[in-house]
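Fold and contact review
What follows is the residue order along each chain.
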Amino acid sequence: MKRTLSIVIIVILLSLSAGAAFAAENSPMVRLRSGIQGVIAILNDPEYKGDPAKQQEMTVKIRETIKDFFNFEELSKRSVGRPWLKFTPEEKERFVSLFTDLLEQTYLGRVGEYSGEKVAFDKETIIKGKYAQVDTRLLTGKQDIPVFYRMKLTDGEWDVYDVKIEGVSLVKNYRTQFTGILDTTNDKTFEASKKELFTRLEAKCAELKANPKATAENGIK
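For every chain, the first residue of the written sequence is number 1, and numbering continues from 1 along that sequence. Residue-level local features of this predicted model are given only where pLDDT is at least 70; pairs of side-chain atoms are given and counted only at 80 or more, and the full residue set underlies all totals for whole chains, interfaces and linings. Based on all heavy atoms of the structure, the side-chain values leave hydrogens and waters out of the count.

**Focus on helix H4 (residues 72-80)**
Whether a residue is buried, partly exposed or exposed follows from its accessible area with a 1.4 Å probe, protein chains only, as a fraction of its type maximum: under 20%, in between, or over 50%, in that order. Each helix corresponds to a stretch of at least 4 residues labelled H or I by DSSP, and each strand to a stretch of at least 2 residues labelled E; elements are numbered beginning at the N terminus. Turning to H4, its buried residues number three or more, namely Phe72, Glu74, Leu75, Ser76, Ser79 and Val80. Under the rule applied, a polar contact is a pair of N or O atoms within 3.5 Å (in protein, one hydrogen donor and one hydrogen acceptor; residues adjacent in sequence only if both atoms are side-chain atoms). The backbone nitrogen of glutamate 73 has a side-chain oxygen 3.3 Å away, supplied by the residue at the start of H4, namely asparagine 71. Glycine 81 sits one or two positions beyond H4 and adopts a positive phi of about 85°.

**Things to note about the nonpolar core**
If you look at the biggest cluster of nonpolar residues, it comprises 49 residues, and the most contacted ones within it are Leu32, Phe87 and Phe95. In terms of residue count, helix H2 (residues 28-43) provides more of this core than any other element does, seven residues in total. The contact definition used throughout considers only heavy atoms, calling two residues in contact when any of these lie within 4.5 Å. Once residues lying within four places of it in the same chain are set aside, the contact partners of leucine 32 are Phe69, Phe121, Val134, Thr136, Tyr149, Met151 and Val160. Nonpolar cores were defined as sets of buried Ala, Val, Leu, Ile, Met, Phe, Trp, Tyr and Cys residues, with membership established by side-chain atoms within 4.5 Å.

**Things to note about the sheet that holds strand E1 (residues 118-127)**
In any sheet, the strands associate via hydrogen bonds between backbone groups, in a parallel or an antiparallel arrangement. We call two strands paired when DSSP finds no fewer than two bridges between them. Read across the open sheet, the five strands follow the order E1-E2-E3-E4-E5; overall the sheet is antiparallel. Bordering the open sheet on either side are E1 and strand E5 (168-169), each of which pairs with just one other strand. Relative to E5, strand E4 (residues 157-165) runs antiparallel, the two sharing two bridges. What sits directly across from lysine 164, in E5, is serine 169. The axes are straight lines fitted to the C-alpha atoms, using for helices just the contacting stretch, and the angles between their N-to-C directions are given from 0 to 180°. Across the sheet, H2 lies against E1, strand E2 (131-139), strand E3 (144-154) and E4, angled at about 145° from E1, the strand it touches most.

**Focus: the confidence of the model for the protein chain**
Confidence scores labelled pLDDT are given residue by residue by the predictor and lie between 0 and 100. For the protein chain, per-residue confidence averages 82 on the pLDDT scale, and 79% of positions sit at 70 or higher. Of the regions scoring below 50 in pLDDT, residues 13-22 engages in 35 contacts with residues more than four places distant in sequence or in other chains.

**Digging into the packing of H4 against helix H6 (residues 170-179)**
When two helices pack together, their arrangement is given by the angle between the helix axes and by the axis-to-axis distance. Packing of H4 against H6 brings their axes to within 7 Å, and their N-to-C directions diverge by 50°. One way to sum up the angle between H4 and H6 is to call them oblique. Handedness of the crossing formed by H4 with H6: right-handed. Residues Leu75, Arg78, Ser79 and Val80 of H4 form the contact with H6, whose participating residues are Val171, Tyr174, Arg175 and Phe178. Geometric relationships in this document are graded by angle, where less than 35 degrees denotes roughly parallel, more than 145 denotes roughly antiparallel, 65 to 115 denotes roughly perpendicular, and other angles denote oblique. In this scheme, a crossing is called left-handed if the near helix is turned counterclockwise away from the far one by less than a right angle; it is called right-handed if the turn is clockwise.

**Quick notes on unusual backbone geometry**
Not every positive phi belongs to a glycine, and aspartate 155 is a case in point at roughly 50°. Relative to the helices and strands, aspartate 155 resides in the loop between E3 and E4. Taking the relative accessible area as the measure of exposure, aspartate 155 reaches 78% and is therefore exposed. Even without being a glycine, glutamate 166 presents a positive backbone phi close to 50°. Structurally, glutamate 166 is set in the loop between E4 and E5.

**Considering the pattern of salt bridges**
Counted as salt bridges are all cases of a side-chain nitrogen of Lys or Arg within 4 Å of a carboxyl oxygen of Asp or Glu. For the structure on display, the rule yields 19 salt bridges. Between glutamate 74 and arginine 78 there is a salt bridge, and its shortest N-O distance comes to 2.8 Å. Placement of both glutamate 74 and arginine 78 in helix H4 is noted, with a separation of four residues, approximately one turn of the helix. For glutamate 74, a relative accessible area of 7% gives the class buried. A salt bridge links aspartate 162 to arginine 150; the nearest nitrogen and oxygen atoms lie 3.5 Å apart. With aspartate 162 in strand E4 and arginine 150 in strand E3, this residue pair connects regions lying 12 residues apart in the sequence.

**Digging into the side chain of threonine 100**
Tracing the backbone shows threonine 100 in helix H5 (residues 89-108). Separated by 2.6 Å, the side chain of threonine 100 and the backbone oxygen of valine 96 make a polar contact. What threonine 100 contacts, discounting residues up to four positions off in sequence, is Lys67 and Phe72.

Following this line, the structure appears as structure tokens:
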């Protein structure tokens, strides 16, 4: 899982287009490429290069850009699965906030892993009008690694809600972890397990903030 998450991080934050297939304006592929290039523009901005005092400002801009083309609410809902239906509106909002923070801290803590890899955008497939998959390949120099972005059309914009790489879905990976924590046997066990889930998420976020070089490969234990 460590290798998989590392590659996902590189692709989401630091990829360069290496010859994209034709795609219509406002298509999933165009939306994805635009989002990725927006992050690249921030990373390559001379204003931030070599200036440690500007790193926090750069990080904030990267987060805002990622949130613009990633649907963290949809990602959260799918990662929790059926138990999401039993979360209160307040719990859903709290979970999305924590889970978003966890993913951002994980990604931004690994920016230094980028070593010049490029990404080829191969094709897009529209599914039932409001879902899509964009097939890309991470070009490492030694091998091409297929990476599939799953996207949903929301309010006229295509947003990413899952990334599948080397056969592993980001959503399914976290769902396995959350399923192991949430106990839906009865209302009492469910309430207790929700508290445990939030406690673990908060602890992991705090750990990543205290140590940006830490990773989330070992889950939210």
